[in-house]
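A structural walkthrough
One letter stands for each residue in the lines below.
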Amino acid sequence: MEDDRVVGHGDTSGRPDGRMFISVDAWHGAAFDRLADAMLADLPRPLHTLVDEDDLDLAAHWERAGFTTRRREREYLLTTDPEVTGLGPVPPPEGVTIVAAGEVEEGPLRTLDRAIRDEVEATVGWQEMPAEVVPLPAGVTVLDPSKYVVAAQAGEYVGLLRLAPVVRQPRIGLIAVRSDRRRRGVARALLAHVLGSLHRRGVERASAEVNESNRAAMALFEGVGARCTSRNLELVLR
């Protein structure tokens, strides 16, 4: 407070993967530093925060508090128009069918989700996936099956795409394929189905975020004309 006015405030939020994120919004640097110092004195480590890569001043504030860059994420904006994406004539790979949102069976979906998470944990670790912002009960990874589109082959689900119905524009929250079915066009077919469905409903754009270390995901989105609108830094204090 300054002369009975709020000149800054700080918040924390927990993520489903256990990460604690901190944010500070302040009118001036001195208020930021005092809030950050007070919060850091009370909170357990590690702590994380997200900063627009172009916001050099905010990044400098966090670095002064001891935070360092952990990873970079790209924010993408995708048009849904198949004439632009080139996805209109894209069929699923041979033997693969796309199961539309609302028709996905919950049991096989949870089995696929668990298998993909186990594969990611065994390699880069789930913490390297884009941050999930919806808090979920402990042990729950699929909250609403109606938000998923899946790829099926030989009687089992092999790939999935989760679409979050954000108010301004839908957001692709996750697209993943089982490791033994990758590089066959499954992810591209899922993307073609979802963007095509949005286009037919009159939705012009969707968004997504990708870890810059995930070259395959960046190639997938950029290959359909996705435009990078911003780059975010995830900073960490250990």
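Residues numbered from 1 in each chain as written. Predicted model: local features only at pLDDT ≥ 70, side-chain atom pairs only at ≥ 80, totals over all residues. Heavy atoms only, no water.

**Topic: the packing of aromatic side chains**
- Throughout the structure, instances matching the rule amount to three aromatic pairs.
- For the ring pair W62 and F67, a centre distance of 4.9 Å and an interplane angle of 65 degrees mean the geometry is edge-to-face.
- The class for F67 is buried, based on a relative accessible area of 2%.
- Taken together, the ring pairs in this structure connect F32, W62 and F67 into an aromatic cluster. (Phe/Tyr/Trp six-rings, centres within 6.5 Å; stacked < 30°, edge-to-face > 60°. Buried < 20%, exposed > 50% of the residue type's maximum accessible area, 1.4 Å probe, protein only.)

**What to know about the environment of L237**
- Mapped onto the elements, L237 comes out in strand β10 (residues 227–237).
- Look at L237 and you get buried, because its relative accessible area is 9%.
- Residues L237 and S23, 214 residues apart in the sequence, show an inter-C-alpha distance of 13 Å.
- In this structure, L237 is in contact with L40, R45, P46, L47, A65, G66 and F67, ignoring residues within four places of it in sequence. (Helix = DSSP H or I, 4+ residues; strand = E, 2+ residues; numbered from the N terminus. Contact = heavy atoms within 4.5 Å.)

**Thoughts on helix α6 (residues 215–222)**
- Every buried residue of α6 is listed here: A217, M218, L220 and F221. Mapping the buried residues of α6 onto a view down its axis gives an arc of 160 degrees, with all of them on the same face. What points out from α6, more than 90 degrees from its buried face, is the exposed set R215 and A216.
- In this structure, the buried residues of α6 make contact with β4 (68–79), β8 (171–177), α5 (186–200) and β9 (205–211). (Arc of directions from axis to C-beta.)

**A closer look at a negative patch on the surface**
- On the surface, D52, D54, D55 and D57 cluster together into a negatively charged patch.
- Mapped onto the secondary structure, D57 falls in helix α2 (residues 56–64). (Patch = residues over 30% accessible without salt bridge, like charges linked within 9 Å, V, L, I, M, F, W, Y side chains within 5 Å. Areas by Shrake-Rupley, 256 points an atom, 1.4 Å probe, with all protein chains shown as cover. Salt bridge = Lys/Arg side-chain N within 4 Å of Asp/Glu carboxyl O. Lys, Arg positive; Asp, Glu negative; His and termini not counted. Charge placed at Lys NZ, Arg CZ, Asp CG, Glu CD.)

**Observations regarding helix α4 (residues 106–122)**
- Taking 1.5 Å of rise per residue, the 17 residues of α4 would be expected to cover 24 Å, and the 24 Å separating its terminal C-alpha atoms lies within 8% of that figure.
- Buried within α4 are the following residues: L109, L112, D113, I116, R117 and V120. All buried residues of α4 fall inside an arc of 130 degrees around its axis, so they share one side. Facing away from the buried side of α4, by more than 90 degrees, are the exposed residues T111 and A122.
- Where α4 is buried, its residues contact β6 (148–153), β7 (156–164) and β8. (Expected span 1.5 Å × (residues − 1).)

**As for the pattern of salt bridges**
- The tally for this structure, following the rule as stated, stands at 21 salt bridges.
- Through salt bridges with shared partners, a single ionic network connects R19, R70, R71, E73 and E234.

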